[in-house]
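# Descriptive structure summary
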Amino acid sequence: MTMDGTVVVPGTTMGAQWVDDVLLAGDASDVCFSLPTPIDRGMLRRLVRDRQSELADSGLRPGGAAALRLPPSMAFVTHLLAVWRSGGQAILLDHRLTDYEVRRAIERLVPQVVVSPEHPVQSGLRTFVEVDTSVASYSGHPANTSHAVVQLSSGSTGPSKVIGRTAEDLIEEVLRYTQIDGVPQRGERIILLPSMVHVLGLVGGLMYGLHAGVTLVPPARLTGDAILQAIASGTAPATVLGVPFHIGLLASVNEPPALPQFKRMTTGGELVPSSVVKAFEQKFQVPLGNMYGMTEVGVIGTDLFGPAPPDDRAGAGHRSTGCRR
């Protein structure tokens, strides 16, 4: 710990102060989440500090590692930020993994603390849930790398890989987002659909939204009608962030209402069938933007104005790679 109280993670020059400076800075009254009950920045800071104390009581120390096996929830968000604010490494385990897969991951990554739901979560089609957590000490050891986050790749291009990213790398990607033409701006909303365990939802949704002052709005349920209700729940411009599956949900809605606040949809992941693109564009008359990226480096190429393929505009900070989906 430095003289000013900043916790420094072994092996890196980036202290835990980056969480406050990059993600939690701003007016306490700014609304970060609409669930639909609003969670403002002041409340989020208090929740993160509370989680940080719980993690410390369970044995997490600066330079330690904590595995999070939580569904999309405020519990996930606040534990993640608390781990980072503690100077720790967050290991993200998709809550849909089997017990065997989780056990194998923990045996391989040996965290000091494991955070999981206290009771089985019956989420159904809900995109964001309320969950009580169990924070358990584990016979692991401090993180042996300086990575702030460890993720398992989505597996869309082959077997899942274990991938680590430093705080510096995550911050660089968040700042790249701020330079991309067409991303949501302060005071606007992101209708958040992708998993925050994976890079699109984590950086493009959660981290960028917190940094840029964009309100994150998870729909009540993962249905086309519920996504439209989330768009209609406020007057600020709304960008829907999702993957091709979510485009299909919206395209399947019969006679959607007029939604002047619907600004665009941005998608990442695999190729979108042309029939789905056509149905979406006919029904909503908004741009269908594309992002291409990798878990290892985040966003690489973008075109948020459609319908060109995503290699036309390189993500700021990257040269165009010519990659196509």
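See the structure above.
Scope of this entry: the structure provided in the associated data block.

Analysis parameters
- Residues numbered from 1 in each chain as written.
- Predicted model: local features only at pLDDT ≥ 70, side-chain atom pairs only at ≥ 80, totals over all residues.
- Heavy atoms only, no water.
- Helix = DSSP H or I, 4+ residues; strand = E, 2+ residues; numbered from the N terminus.
- Buried < 20%, exposed > 50% of the residue type's maximum accessible area, 1.4 Å probe, protein only.
- Contact = heavy atoms within 4.5 Å.
- Areas by Shrake-Rupley, 256 points an atom, 1.4 Å probe, with all protein chains shown as cover.
- Axes fitted to C-alpha atoms, helices over the stretch in contact; angles between N-to-C directions.
- Parallel < 35°, antiparallel > 145°, perpendicular 65-115°, else oblique.
- Left-handed = near helix turned anticlockwise from the far one by under 90°.
- Nonpolar A, V, L, I, M, F, W, Y, C, P; charged D, E, K, R; others polar.
- 1 Å grid on protein atoms, 1.4 Å probe; cavity = no way out; pocket = protein on both sides within 12 Å on 5 of 7 lines; lining within 4 Å.
- Points joined across faces, edges and corners; volume = space filled by probe spheres on them.
- Right-handed = clockwise from strand over helix to strand, strands pointing away.
- Pairing = 2+ DSSP bridges.
- Polar contact = N/O pair within 3.5 Å; in protein donor to acceptor, adjacent residues only side chain to side chain.
- Phe/Tyr/Trp six-rings, centres within 6.5 Å; stacked < 30°, edge-to-face > 60°.
- Lys NZ or Arg CZ within 6 Å of the ring centre and 35° of its normal.

### Brief notes about the overall build of the chain
Along its length, the chain carries nine helices and 15 strands. Looking at the chain residue by residue over its 325 residues, the buried ones come to 52%. The contacts of the chain with a sequence gap of at least 6 include a subset with a gap of at least 24, amounting to 67%. Element-wise, carbon and sulfur atoms account for 52% of the exposed surface of the chain, whose accessible area totals about 14600 Å².

### Description of the packing of helix α2 (residues 41-57) against helix α3 (residues 74-85)
At a closest axis distance of 8 Å, the pairing of α2 and α3 adopts a crossing angle of 65 degrees. Comparing the axis directions of α2 and α3 gives the class roughly perpendicular. Between α2 and α3 the crossing geometry is right-handed. Of α3, the residues touching α2 (which contributes Leu44, Leu47, Val48, Arg49, Arg51, Gln52, Glu54 and Leu55) are Met74, Ala75, Val77, Thr78, His79, Leu81, Ala82, Val83 and Arg85. Considered class by class, the residues forming the contact of α2 with α3 number ten nonpolar, three polar and four charged.

### Considering the layout of surface pockets
The volume enclosed by the second largest pocket comes to roughly 660 Å³. Lining of the second largest pocket is provided by 31 residues; of these, Ser34, Leu35, Pro36, Thr37 and Phe128 occupy positions nearest its centre. Secondary-structure elements contributing two or more residues to the lining of the second largest pocket are α2, α3, β10 (215-217) and α7 (224-232). Per-class residue counts for the lining of the second largest pocket are 16 nonpolar, nine polar and six charged.

### As for the pairing of strand β3 (residues 65-68)
Residues of β3 alternate between two faces, with Ala65 and Ala67 on one and Ala66 and Leu68 on the opposite face, all of them buried. Chirality of the crossover, the property in question, places the unit of β3, α3 and strand β4 (residues 89-92) among those that are right-handed. Two strands pair when backbone bridges link them, and β3 and strand β5 (residues 113-117) are joined in this way by three bridges, in the parallel orientation. Bridge pairing in β5 links Leu68 to Val115.

### Side note on the side chain of Ser86
As for its placement among the helices and strands, Ser86 is situated in the loop between α3 and β4. Looking at Ser86, its side chain comes within polar contact range of the main-chain oxygen of Ala82, at 2.7 Å.

### Quick word on the packing of aromatic side chains
For the coordinates displayed, the defined rule picks out six aromatic pairs. Here the aromatic rings of Phe262 and Phe284 are separated by 5.6 Å at their centres, their planes lie at 70 degrees, and the arrangement is edge-to-face. Of this pair, Phe262 sits in strand β12 (residues 262-268) while Phe284 sits in helix α9 (residues 274-284), placing them 22 residues apart in sequence. For Phe262, a relative accessible area of 5% puts it in the buried group. Each member of the aromatic cluster is reached from another via a ring pair, and the members are Phe262, Phe280 and Phe284. A cation sits over an aromatic face here: Arg264 above Phe305, 4.7 Å from the ring centre.

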